[in-house]
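Residue-level structural notes
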Amino acid sequence: MTQDELKQAVARAAIAYVVDGAIIGVGTGSTANFFIDELATIKDRIKGTVASSEATAARLRGHGIAVYDLNDVSEIAVYIDGADEITASGAMIKGGGAALTREKIVASVSRQFVCIADGSKLVPTLGAFALPVEVLPMARAAVMRRLAALGGQPRLRLKAGSEQAFITDNGGEIIDVAGLSITAPLALEQEINQIVGVIAVGLFAQRGADVCLLGTSEGVKTLTF
């Protein structure tokens, strides 16, 4: 199976976790896009969604699925999103699609977090994928120095084909930190969160996944944490 076929398989499997009549949190990225397309086939069964990015909101609305502002929602039954890396304990690196801050917010208020990913995303130790950190633009250089002191190799994320900084939906910038071997993800998440100027770090350990639907050549495997 191709990587896209694996993503489509887990997106289809995630429909089983959708709660009828409820608000569903929806993530950002290529795997989440497959889920949105699957969700469209049962959109009349749900009340609506909360989106983790402007791009996700646009795709949901394009399918005629209602999108609510999180401030107008009392609870989210389940949050379904992909991951750039995930461990056997449910800790993740997310943010390749630059939506890490809103993804963290939506995940934090959801009763259940279902990660959907192809098998290549399951790793023994986080860090081969550069860790995204969203920062206030004025703090970029100061934060990069702190991240380098932690042993990482920070690099400012640029717009495709440009020398200008990539700007997130929140007006922040993204620093991608390579060269880390993250053996204590919760501790590192807390440490980076304390750096002044950091908006959010793409480590999801404090609020990791509850379930991971992993697409493999043998079919979709379910990991619970």
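Reading the values: rules and limits
- Residues numbered from 1 in each chain as written.
- Predicted model: local features only at pLDDT ≥ 70, side-chain atom pairs only at ≥ 80, totals over all residues.
- Heavy atoms only, no water.
- Pairing = 2+ DSSP bridges.
- Helix = DSSP H or I, 4+ residues; strand = E, 2+ residues; numbered from the N terminus.
- Axes fitted to C-alpha atoms, helices over the stretch in contact; angles between N-to-C directions.
- Contact = heavy atoms within 4.5 Å.
- UniProt positions renumbered as here; feature names shortened; annotations may be inferred.
- Buried < 20%, exposed > 50% of the residue type's maximum accessible area, 1.4 Å probe, protein only.
- Salt bridge = Lys/Arg side-chain N within 4 Å of Asp/Glu carboxyl O.
- Parallel < 35°, antiparallel > 145°, perpendicular 65-115°, else oblique.
- Left-handed = near helix turned anticlockwise from the far one by under 90°.

Re the sheet that holds strand S7 (residues 131-135)
Ordered by their spatial adjacency, 4 strands build an open sheet running S8-S9-S7-S10, and the pairing between neighbours is antiparallel. The outermost strands of the open sheet, each flanked by one partner alone, are strand S8 (153-156) and strand S10 (198-201). Going from strand to strand, the sheet's axes swing by 30° on average, the running direction of each strand aside. By the bridge criterion, 5 bridges tie S7 to strand S9 (residues 173-178) in an arrangement that is antiparallel. Across the sheet, the residue bridging to Val 135 is Glu 173, located in S9. Running at roughly 70° to S10, helix H4 (residues 100-108) makes contact with S7, S9 and S10 of the sheet.

Side note on the side chain of Thr 216
With respect to the secondary-structure elements, Thr 216 resides in strand S12 (residues 211-216). Setting aside anything within four residues of it in sequence, one finds Thr 216 in contact with Met 1, Leu 6 and Lys 221.

Section: the UniProt feature "active site" (unreviewed entry) in the chain
Within this structure's numbering, the places UniProt gives as "active site" (unreviewed entry) are Glu 103. Checked against the element boundaries, Glu 103 lands in helix H4. If sequence neighbours within four positions are ignored, Glu 103 has contacts with Thr 28, Ser 52, Tyr 79, Asp 81, Lys 94, Gly 95 and Phe 204.

Considering the pairing of S12
Summarising burial for S12: 6 of the 6 residues are buried, a large majority. Side chains Val 211, Leu 213 and Gly 215 project from S12 onto one buried face, and the interleaved Cys 212, Leu 214 and Thr 216 project onto a second face that is buried too. Inspection of the sheet shows strand S6 (residues 113-118) paired to S12 by 5 bridges, in the parallel sense. Bridged to Ala 117 within S12 is Leu 214. Direction of pairing for S12 relative to strand S13 (residues 219-224): antiparallel, over a ladder of 6 bridges. Opposite Gly 215, over in S13, you have Val 220 as the bridge partner. Here S12 folds back onto S13 in antiparallel fashion, the turn holding 2 residues.

A closer look at the sheet that holds strand S5 (residues 92-93)
Taken together, 3 strands build an open sheet; the order of strands is S4-S5-S11 and the sheet is antiparallel. Looking at strand neighbours, the two that pair on one side only are strand S4 (85-86) and strand S11 (203-204), the edges of this open sheet. Pairing of S4 with S5, which is carried by 2 bridges, proceeds in the antiparallel orientation. Its bridge partner lying in S5, Glu 85 is registered against Ile 93.

Comments concerning the pattern of salt bridges
Pairing between side chains of opposite charge can happen when their charged atoms approach one another. Using the criterion set out here, one finds 12 salt bridges in the structure. The partner of Glu 189 in a salt bridge is Lys 104, with the nearest N and O atoms 2.8 Å apart. With Glu 189 in helix H6 (residues 185-193) and Lys 104 in helix H4, this pair connects stretches of sequence that are 85 residues apart. Asp 210 is paired through a salt bridge with Arg 207; the nearest N and O atoms lie 2.9 Å apart. What you see here is one network of salt bridges that share partners, running through Asp 81, Lys 94 and Glu 103.

Section: the packing of helix H2 (residues 30-39) against helix H3 (residues 54-62)
The contact between H2 and H3 brings their axes to 10 Å, and the two run at 25°. Our classification of the angle between H2 and H3 gives roughly parallel. Note on packing geometry: the crossing formed by H2 with H3 is right-handed. Within the contact between the two elements, H2 uses Asn 33, Ile 36, Asp 37 and Leu 39 and H3 uses Thr 56, Arg 59 and Leu 60.

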